[in-house]
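# Structure at a glance
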Amino acid sequence: MKDVKTTTIKKMESLLSTASDATRLKIMFALLDDDECCCGEECECGSCEKMSCMIEKCVNDIANEIGASQSLVSHQLKVLKDADLVRTRKEKTKVYYSLSDKHVRLLLGVAYEHVMEEENGND
């Protein structure tokens, strides 16, 4: 892991920069169903193959959930899609969004756990 290529570092920088926006984080968490994973247990590993932990929502549902305008959410979803953090599925006239894969779920989970650990004073 010591010899990470410069191009890989640039891609990671871009990914993390895109994911670090507060509105985009809210959107990604809105697309995360953390109640149960596909195996029926609380998912902490982010390795669920069936991806049933990640749910699909349309722009209106996300906008209502995070308290943002539809136009803002649409714009931020495009940014997330361009960064391969979310994917789309079209059904008739509606477009449904979901997290792109289990790695995005894992990234959100690790960041959340790290911040909560800091808030609770654990090192």
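What this report covers is the structure whose coordinates are included nearby. All values derive from a computational prediction rather than experimental measurement. Starting from 1, residues in each chain are numbered consecutively following that chain's sequence as written. Whole-chain, interface and lining totals are the exception, using all residues; otherwise, since this is a predicted model, local features are given only for residues with pLDDT of at least 70 and side-chain atom pairs are given and counted only at 80 or more. Excluded from the side-chain calculations are hydrogens and water; all other atoms, namely the structure's heavy atoms, are used.

## Focus: the overall build of the protein
Here a helix means four or more residues in a row that DSSP labels H or I, a strand means two or more in a row labelled E, and each is numbered from the N terminus. The number of helices and strands found in the protein is five helices and two strands. Reading the secondary structure of the protein in the N-to-C direction produces α-α-α-α-β-β-α. Here, two residues are considered to be in contact whenever any of their heavy atoms come within 4.5 Å of each other. For the protein, contacts bridging at least 24 residues in sequence account for 57% of all contacts bridging at least 6. Where accessible areas are quoted, they stem from the Shrake-Rupley method and a 1.4 Å probe; at the residue level, only the protein chains shown are allowed to cover. If you sum the accessible surface of the protein, you get close to 8,500 Å²; carbon and sulfur atoms cover 50% of it.

## A closer look at a nonpolar patch on the surface
Together, V4, I9, M12, L16 and L107 make up an exposed nonpolar region whose accessible area comes to about 390 Å². Here the term buried applies to any residue with accessible area under 20% of the maximum for its type, exposed to any over 50%, and partly exposed to those in between, with areas from a 1.4 Å probe on protein chains only. The exposure class assigned to I9 is partly exposed, which follows from its relative accessible area of 44%. Patch membership requires over 30% relative accessible area and the absence of a salt bridge. Like charges are linked within 9 Å, and nonpolar side chains (Val, Leu, Ile, Met, Phe, Trp, Tyr) within 5 Å. Basic side-chain nitrogens of Lys or Arg form a salt bridge, by our definition, when they fall within 4 Å of a carboxyl oxygen of Asp or Glu.

## Some details on a negative patch on the surface
Counted as positive: Lys and Arg. Counted as negative: Asp and Glu, with His and the chain ends omitted from the count. Lysine's charge is taken at NZ, arginine's at CZ, aspartate's at CG and glutamate's at CD. Together, E113, E117, E118 and E119 make up a negatively charged patch on the protein surface. Its relative accessible area of 58% is what places E119 among the exposed residues.

## Considerations on the side chain of S98
Residue placement: S98 occurs in strand β2 (residues 94-99). Residue class for S98 comes out buried when judged on its relative accessible area of 6%. Setting aside chain neighbours within four positions, we find S98 in contact with L31, I55, E56, L85, V86 and R87.

## Section: unusual backbone geometry
One non-glycine residue with positive phi stands out, namely D84, at about 60°. For D84, the position within the fold is in the loop between α4 (70-82) and β1 (86-91). Here K92, not a glycine, exhibits a phi torsion of approximately 55°, which is positive. You can see K92 is positioned in the loop between β1 and β2. Judged by relative accessible area, K92 falls into the exposed class, the value being 78%.

## Description of the layout of surface pockets
Estimates place the volume of the second largest pocket at around 190 Å³. Throughout, the protein atoms alone are placed on a 1 Å grid, and a set of points is a cavity if a 1.4 Å probe fits but cannot get out or a pocket if it is open with protein on both sides within 12 Å along at least five of seven lines; lining residues have an atom within 4 Å of a point. The wall of the second largest pocket is formed by L16, A19, S20, L25, M28, F29, L107, L108, A111, Y112 and V115. Mapped by element, the contributors of at least two residues to the lining of the second largest pocket are α1 (6-19), α2 (22-30) and α5 (102-119). A total of five residues in the lining of the second largest pocket trace back to one element, the largest contributor, which is α5. Residues are grouped as follows: Ala, Val, Leu, Ile, Met, Phe, Trp, Tyr, Cys and Pro are nonpolar; Asp, Glu, Lys and Arg are charged; all remaining types, including Gly, are polar. The residue inventory of the lining of the second largest pocket, partitioned by class, reads 10 nonpolar, one polar and no charged. Grid points are joined across faces, edges and corners, and a volume is the space filled by probe spheres set on the points.

## A short note on the nonpolar core
Note on terminology: a nonpolar core comprises buried Ala, Val, Leu, Ile, Met, Phe, Trp, Tyr and Cys residues joined through side-chain atoms within 4.5 Å. The biggest cluster of nonpolar side chains holds 19 residues, and the ones touching the most others in it are I27, M28, I62, V73, L77 and L99. Broken down by secondary-structure element, the contributors of at least two residues to this core are α2, α3 (59-66), α4, β2 and α5. Ranked by the residues each element gives to this core, the list is headed by α3, at four residues. Once you skip the residues sitting within four places of it in the chain, M28 turns out to touch A19, L80, L85, L99, V104 and L108.

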